[in-house]
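Residues per chain, in single letters:
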Amino acid sequence: ARIADKLCWCILKSENATVTAIASRSAERARQWADEHQIANSFGSYADLIESDCVDAVYIALPCAMHAEWALAAAVRGLHVLCEKPFAATAAEAKRVADACEAEGVVLMD
């Protein structure tokens, strides 16, 4: 639990990466989390985040049923994807996400 907090802390401590944005289904919750973690940008929808120009990669820590949908959406936008396990519910879904990442030249990690 709270893996996003732990990952964010590690990235903030690193010298070669930056957390630039957070998204939530609630703009208020996103802004609160961003303020608590010193993140400049927050979005009230996942779509707004992946359409923004302030990210190069996404970390997907959503409920499992949402992983493939948003991994695919990010890949199509040209964003690298780090996704919690499982990143897909079926082998066919996993192949679709992996194929999209390969076609867009982005990294997929779980």
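What you see is a predicted model; the values in this text were computed from it and never measured.

This part takes up the pattern of salt bridges. Applying the stated criterion across every chain, the model contains four salt bridges. Here D35 ties to R31 by a salt bridge, and the two come within 2.9 Å at their closest N and O atoms. Within this pair, D35 and its partner R31 are both found in helix 2 (residues 27–36), separated by four residues, close to a single helical turn. By relative accessible area, R31 is classed as partly exposed at 28%. We note a salt bridge from K95 to D99, for which the minimum N-O separation is 2.8 Å. Separated by four residues within a single helix, K95 and D99 lie in helix 5 (residues 91–104), roughly one turn from each other. Overall, the relative accessible area of 52% leaves K95 in the exposed class.

Quick look at the layout of surface pockets now. When its volume is computed, the largest pocket comes out at roughly 1,200 Å³. Along its surface, the largest pocket is lined by 42 residues, and A21, I22, V58, Y59 and I60 are the ones closest to its centre. Within the residue set of the lining of the largest pocket, elements represented by two or more residues are helix 1 (3–13), strand 1 (21–23), helix 2, helix 3 (46–51), strand 3 (57–60), helix 4 (67–76) and strand 4 (80–83). Sort the elements by how many residues they give to the lining of the largest pocket and helix 1 lands first, with six residues. By residue class, the composition of the lining of the largest pocket is 31 nonpolar, five polar and six charged.

The rules behind these values
Residues numbered from 1 in each chain as written. Predicted model: local features only at pLDDT ≥ 70, side-chain atom pairs only at ≥ 80, totals over all residues. Heavy atoms only, no water. Salt bridge = Lys/Arg side-chain N within 4 Å of Asp/Glu carboxyl O. Helix = DSSP H or I, 4+ residues; strand = E, 2+ residues; numbered from the N terminus. Buried < 20%, exposed > 50% of the residue type's maximum accessible area, 1.4 Å probe, protein only. 1 Å grid on protein atoms, 1.4 Å probe; cavity = no way out; pocket = protein on both sides within 12 Å on 5 of 7 lines; lining within 4 Å. Points joined across faces, edges and corners; volume = space filled by probe spheres on them. Nonpolar A, V, L, I, M, F, W, Y, C, P; charged D, E, K, R; others polar.

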